[in-house]
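Residues per chain are reported as follows:
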Amino acid sequence: QSDYHFEYTECDVLGSRWRVAIPNKAETCTGLPDPVKGTLCTFSCSEGEFLDMQSQQCQKCAAGTYSLGTSVAFDEWDILPTGFITHGTTRSEGNAFINCSNSTWTPKGDYVASNTDECTATLSYAVSLKTPGVLSFEYFYPDNSVYFEFFVQNDQCQATDSDSRWMRISETNWSHYKIELSTGNNVLYWRTTTFSLLGSAVKPVLLRNIQVSGVAYTSECFHCKPGTHSSTAGSARCAPCPADTYSNKGATVCHDCESDSYAVPGSGSCKPRPACTENDYFYTHTPCDSEGKTRLMYKWIEPKICSETVGGAVKLPASGKKQTCPPCNPGFFVTNSSACEPCSNDSYSDGKVCEKCPVGTEPLLGFEYKWWTTMPRNMESSVLHQEFSNSNRRTAWEVAGEYIYTTSGVQDTDYLTLTLNVPGYRRAQPTDKDNKMSELSRITFIFETLCTADCKFYFLVGYNKWNNYLVEQWKGRNSKQSYSYLIQSNNTVSFTWTFQRTEEISMDRNFSTDAAKIYSIHVTNVIGGVASECRRCAVTPDKTDSSCVPCPPGHYMVNATGACESCPPNTYIRPSQPVGEAACVQCGPNTERNRAYTACLSDCTFRVQSGGEAVQTYDFSPLSNVTGFTGSPRFTNRGLRYFHHFNLNLCGRESRVPASCVDNVTESGKEVKGYVCQSTVVPSEIRSQSMVSSQPFVIGDTLIGVTTETTLEGISSPSWMFPPASLQLPDVIFYYKSSDTTQACKQGRSAAVRLRCNPTANIKDLITLPSKCSEGTCDGCTFHFLWESQHACPLCTTDHYREIVSACIQGIQRTTYVWQQPLQCYGGQSLPPQKVSTCVTMDFWLKLGVSIGLIAALLLIGLSCYFWKKTRKLQYKYSRLMMSSEGKECELPTADSCAIMEGEDAEDDLMDLTHKSFFTKIKSFSRERTSDGFDSVPLKSSYQHQQEDEEEEED
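Rules used throughout
Residues numbered from 1 in each chain as written. Predicted model: local features only at pLDDT ≥ 70, side-chain atom pairs only at ≥ 80, totals over all residues. Heavy atoms only, no water. UniProt positions renumbered as here; feature names shortened; annotations may be inferred. Helix = DSSP H or I, 4+ residues; strand = E, 2+ residues; numbered from the N terminus. Contact = heavy atoms within 4.5 Å. Areas by Shrake-Rupley, 256 points an atom, 1.4 Å probe, with all protein chains shown as cover. Buried < 20%, exposed > 50% of the residue type's maximum accessible area, 1.4 Å probe, protein only. Polar contact = N/O pair within 3.5 Å; in protein donor to acceptor, adjacent residues only side chain to side chain. Pairing = 2+ DSSP bridges. 1 Å grid on protein atoms, 1.4 Å probe; cavity = no way out; pocket = protein on both sides within 12 Å on 5 of 7 lines; lining within 4 Å. Points joined across faces, edges and corners; volume = space filled by probe spheres on them. Phe/Tyr/Trp six-rings, centres within 6.5 Å; stacked < 30°, edge-to-face > 60°. Lys NZ or Arg CZ within 6 Å of the ring centre and 35° of its normal. Axes fitted to C-alpha atoms, helices over the stretch in contact; angles between N-to-C directions. Core = buried A, V, L, I, M, F, W, Y, C linked by side-chain atoms within 4.5 Å. Disulfide = S-S within 2.5 Å. Salt bridge = Lys/Arg side-chain N within 4 Å of Asp/Glu carboxyl O. Patch = residues over 30% accessible without salt bridge, like charges linked within 9 Å, V, L, I, M, F, W, Y side chains within 5 Å.

You'll find the protein chain entered in an unreviewed UniProt entry as Endosome-lysosome associated apoptosis and autophagy regulator 1, with Poecilia formosa given as the organism. The heading Subcellular location (unreviewed entry) in the UniProt record of the protein chain holds the text "Cell membrane".

This is the structure:
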């Protein structure tokens, strides 16, 4: 029977199967048992039982073993369990010559660890489920430099649906993960890829306690691992051995250690007790008694592993003398039993007696701890072991009166954590719905680290009960200093401080004197907090989140009277200081306050006048949308490529959409918003997403001003950053500032965005970084950008073009308008269309002048002839007149004409007009009238009448 084993065939459509014998080695024996009818495919055994394939009956597991029934579990990792496969692959990004064949998951006894180099390591396990099941496992994922994903594929290599395949960060504690599995074949994948920006040491991902339910049966029981036992038959799991006991593999009982040895809970062996030293105890202060006294007390570190009877061992020091207790923390009062209790919601205190806030004020609620006689109720400490043993020690931080400090751990590699939980936050100042950058709360703490090794001190923020986000870390010795962190979301529910003495694994306590001390912790604006002072407030229609009402928008509170006064024009209210005239902040150049009096905005227009030139108007509205751009590629020490991605929202009113940067690596999904933000982008080959963005932070969330000056409110944008190609228009600079402070940027980050006129720039987003500071910043705090665009030019006006008038051709003259060169404007007023007008040439005027001259000459000749003729006629009349006088002087002839009225016929006219010449007729028509209005008509004389009468008689 040792030459073969039994297995079941695949189930048929009727749900039946056969039991067949399979030789352990091919062709080693003959005469195998014949196949027999097997159990139904739905058959299964209960917990603590296994299926005996010989009898095909369920039997109980023996003592010292266990069975999960329809589940399989893997909690021993001395070797890789059967069915697990691990391999390493080389990524396409970076150095292709890296050998990743050894970059696999490695068993470490109680857990399996991932790789720590820049390769992709995959751990897989295939399981066939007869019924829908559940997969559960525990993991430790402390380093966000590693991308850790888990997913399930079916037998068609198709990934099953899941909310997220990316695991959450677990900085100090093991995380538990559970997912449902479908019936049939399931392939489980755990995959990690390391991404180290600075080439520093990376902490691996750890897995343990993998359990899968839904299998039909288990044909064997598993032995209890060392440090555990099962005393009865049919056990579903093994119990860990208590402290100072041990067990071997498959044990039914735990054995006691000798008196001179010890064992931590769950140990597989005992260790000799070392001599007690000063590193094996710590000091603390007792709670205040009824007399208001406390004393210094020393305690052994639990569990106690040292021996006081060994030679050279030290004794526990005696307790100190009683001393007067320090006052309670602000917002608390001393009870009759000398205990500290919080004041009511409408009161405040300095740690002694509670007092009611005056009318028109409200308490400034928060948590302020600066005296440490007892651990606050909303704080707890714990120890996380690097080797992840099952030690029951819980206390990692102890109170010491003026500070709280870290005690010695079991090992120097232990993580000593202190956690402060908060229920939520109140609004410090009312804001409009579009203002998302106001200060919600702030935590400030004073700390000190005393280290002789490479210790590390971490500050983490918890966004939910599963995830902690690392905010800042300090290495080595740090003098007493203060650190402040701005809280912008109500999702922040906890704060954690973690101290690790060293990462070098050793069973000895070589650096137990290294410690971290926290002197004070202050969290503002906390729901359910206490107050150390009150502030005045004024009326507002919103009373949902305040015990009183603040001043109306645009008003500040006078310190002395509490009355509300209006701020000067174009100012906004400082959120952190709503009292006093200093609360009114003047808006920067070319900016205007918003309607809520909370910030200054730009409407994307700008006007400037340089020298004696005309006013130039800019319109940056086409550039107001959120614009993203990426810097030049950068590489890690191993050749992995990454980028710094920036998002920019230049300007806009209240309805503008701010620029945002997100973290889509971890489950927290951290998102920051402002005018300018940055994130680190990793090529998509590393992960299945189109873009991997991490480490987001805000560069500027407040607009300081818009000007052509190179310095504004301490922010400098020197010209040498972006030297112009030639003499041109001055750059328009937008200055921004962020309220977030870091250890390197204690005044916060800032940004200067230069807008340079470039009419030939066809690309809208032509944004560049300084050539001498390729990351956009030279000091890590002030960022510089150059944006060249057509829309960065002033609007065109009539001063930007000139007119060209053509010659008069065939009576037509054209007027054409062209731009002044070089062209330094865009948009605005367009070129007028060409104008066509009539005109008169010089030939026409010459011909006209000749014609007029000829006519004038002819007229003069005619007049000359006329007057010459008239003169001759007058001479003739005069000579006739002289002849008719017959030489008698002084005697004139009888009048031969008389005056007739105008319009009467001259019947007696003896002149024969028919014999008159043409000029004579004209002359007769143009005769002059007398001054009395009568025409002069020639008459016949009496002598002539007489001669005519005689002639008629003869006839």
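This part covers the overall build of the protein chain. If you tally the helices and strands in the protein chain, you get three helices and 69 strands. Here the contacts in the protein chain between residues at least 6 apart in sequence split such that 65% fall between residues at least 24 apart. Of the roughly 50800 Å² of accessible surface on the protein chain, 51% is carried by carbon and sulfur atoms.

Secondary-structure assignment places asparagine 758 in the loop between strand S62 (750-757) and strand S63 (766-768). Overall, the relative accessible area of 17% leaves asparagine 758 in the buried class. A polar contact is formed between the side chain of asparagine 758 and the side chain of threonine 760, at a distance of 2.7 Å. In contact with asparagine 758, other than residues within four places in its own chain, are Glu788, Ser789, Gln790 and Cys793.

Attention now moves to the sheet that holds strand S3 (residues 36-37). Adjacent strands of a sheet pair through backbone hydrogen bonds, lying either parallel or antiparallel. Pairing is antiparallel across the open sheet formed by three strands, whose spatial order is S1-S2-S3. On the outer flanks of this sheet lie strand S1 (4-8) and S3, each paired with one strand and no other. Here five bridges tie S1 to strand S2 (residues 18-23), and the two strands are oriented antiparallel to one another. Bridging from a neighbouring strand, glutamate 7 pairs with valine 20 of S2.

In this section: empty space enclosed by the protein. The tally for this structure, following the rule as stated, stands at two cavities of 30 Å³ or more. Reported here for the second largest cavity is a volume of approximately 40 Å³. Taken together, Gly631, Ser632, Arg634, His644, Phe646, Leu769, Ser774 and Glu775 make up the full set of residues lining the second largest cavity.

All right, on to the packing of aromatic side chains then. Scanning all chains against the criterion turns up 51 aromatic pairs. Each member of the aromatic cluster is reached from another via a ring pair, and the members are Phe74, Trp77, Phe84, Trp105, Tyr125, Phe137, Tyr139, Tyr141, Phe148, Phe150, Tyr177 and Trp190. Here the basic side chain of lysine 517 rests over the ring of tyrosine 403, its NZ or CZ set 4.5 Å away from the ring centre. The ring centre of tyrosine 675 lies 3.9 Å from the NZ or CZ of arginine 656, which sits over that ring.

Bringing the environment of glycine 331 into the picture now. Within the fold, glycine 331 resides in the loop between strand S26 (322-324) and strand S27 (332-334). Glycine 331 sits 13 residues away from serine 344 along the chain, and the two C-alpha atoms are 8.8 Å apart. Filtering out sequence-adjacent residues up to four positions away, glycine 331 remains in contact with Glu341, Pro342, Cys343, Ser349, Gly351, Val530, Ala531 and Ser532.

A sheet is described by the order of its strands in space; here three strands give the open sequence S24-S25-S26, paired in antiparallel fashion. Edge positions in the sheet fall to strand S24 (281-285) and S26, since each of these pairs with one other strand and no more. If you compare each strand with its neighbour and ignore which way they point, the axes differ by 30 degrees on average.

Trp397, Phe457, Phe459, Phe495, Trp497 and Ile521 are the most contacted members of the largest nonpolar core, which totals 37 residues. Contacts of phenylalanine 457, omitting those with residues within four sequence positions, involve Trp397, Phe445, Phe447, Thr449, Glu472, Gln473, Trp474, Trp497, Thr498, Phe499, Ala516 and Ile518.

On to the pairing of strand S50 (residues 616-619), then. Burial along S50 is one-sided: the residues Gln616 and Tyr618 are buried and none of Thr617 and Asp619 is. Sheet topology places strand S49 (residues 605-608) next to S50; four bridges connect them, and they run antiparallel. Counterpart to valine 608 in the pairing with S50 is glutamine 616.

Our next topic: the state of the cysteines. Under the definition given, this model contains 21 disulfides. Across the disulfide, cysteine 604 is cross-linked to cysteine 651 (sulfur-sulfur distance 2.1 Å). Of note, the bridge from cysteine 604 to cysteine 651 carries an S-S torsion of about 115 degrees and is right-handed in sense. Residue cysteine 604 is located in the loop between strand S48 (600-601) and S49, and its partner cysteine 651 is located in the loop between strand S53 (641-648) and strand S54 (659-662); the two are separated by 47 residues in the primary sequence.

The final tally for this structure, using the stated rule, is 13 salt bridges. Put simply, arginine 191 and glutamate 149 hold a salt bridge, and the shortest N to O gap is 2.9 Å. In this pair, arginine 191 is assigned in strand S15 (residues 184-194) and glutamate 149 in strand S13 (residues 146-153), connecting sequence segments 42 residues apart. Note that glutamate 362 and arginine 426 form a salt bridge whose closest N and O atoms lie 3.4 Å from each other. Here the residue glutamate 362 occupies a position in strand S31 (residues 361-369), and arginine 426 occupies one in the loop between strand S35 (415-421) and strand S36 (441-450), the gap between them amounting to 64 residues.

Residue proline 822 is bonded to the preceding glutamine 821 through a cis peptide linkage, with omega at 0 degrees. The residue proline 822 is located in the loop between strand S66 (812-819) and strand S67 (835-838) in this model. The backbone of glutamine 695 sits at a positive phi, close to 50 degrees, despite the residue not being glycine. If you trace the backbone, glutamine 695 turns up in strand S57 (residues 692-700). Judged by relative accessible area, glutamine 695 falls into the partly exposed class, the value being 38%.

This part is about the pairing of strand S51 (residues 627-630). The alternating pattern of S51 places Thr627 and Phe629 on a buried face and Gly628 and Thr630 on a face that is not buried. As paired strands, S51 and S53 are joined by four bridges and run antiparallel to one another. What sits directly across from threonine 630, in S53, is histidine 645.

It is worth spelling out the environment of cysteine 29 at this point. Tracing the chain through its elements places cysteine 29 in the loop between S2 and S3. Cysteine 29 sits 25 residues away from tyrosine 4 along the chain, and the two C-alpha atoms are 8.9 Å apart.

A contiguous nonpolar patch, built from Leu859, Leu860, Leu863, Tyr866 and Phe867 and spanning about 490 Å² of accessible area, is present on the exposed surface. Mapped onto the fold, leucine 859 is located in helix H1 (residues 842-884). Judged by its relative accessible area of 54%, leucine 859 falls in the exposed class.

In this fold, threonine 122 is placed in strand S11 (residues 120-129). If we ignore the near neighbours within four places in the chain, the residues touching threonine 122 are Ile85, Thr86, His87, Trp105, Tyr189, Trp190 and Arg191.

Mapped onto the secondary structure, tryptophan 397 falls in strand S33 (residues 397-399). Residue classification places tryptophan 397 among the buried residues on the basis of a relative accessible area of 1%. With 121 residues separating them in the primary sequence, tryptophan 397 and isoleucine 518 have C-alpha atoms 9.9 Å apart. Contacts of tryptophan 397, omitting those with residues within four sequence positions, involve Met375, Ser381, Ile404, Tyr405, Thr406, Leu416, Thr417, Leu418, Phe457, Trp497, Ala516 and Ile518. A distance of 3.3 Å separates a polar atom in the side chain of tryptophan 397 from the backbone oxygen of leucine 416. A distance of 3.5 Å separates the side chain of tryptophan 397 from the backbone oxygen of threonine 417, its partner in a polar contact.

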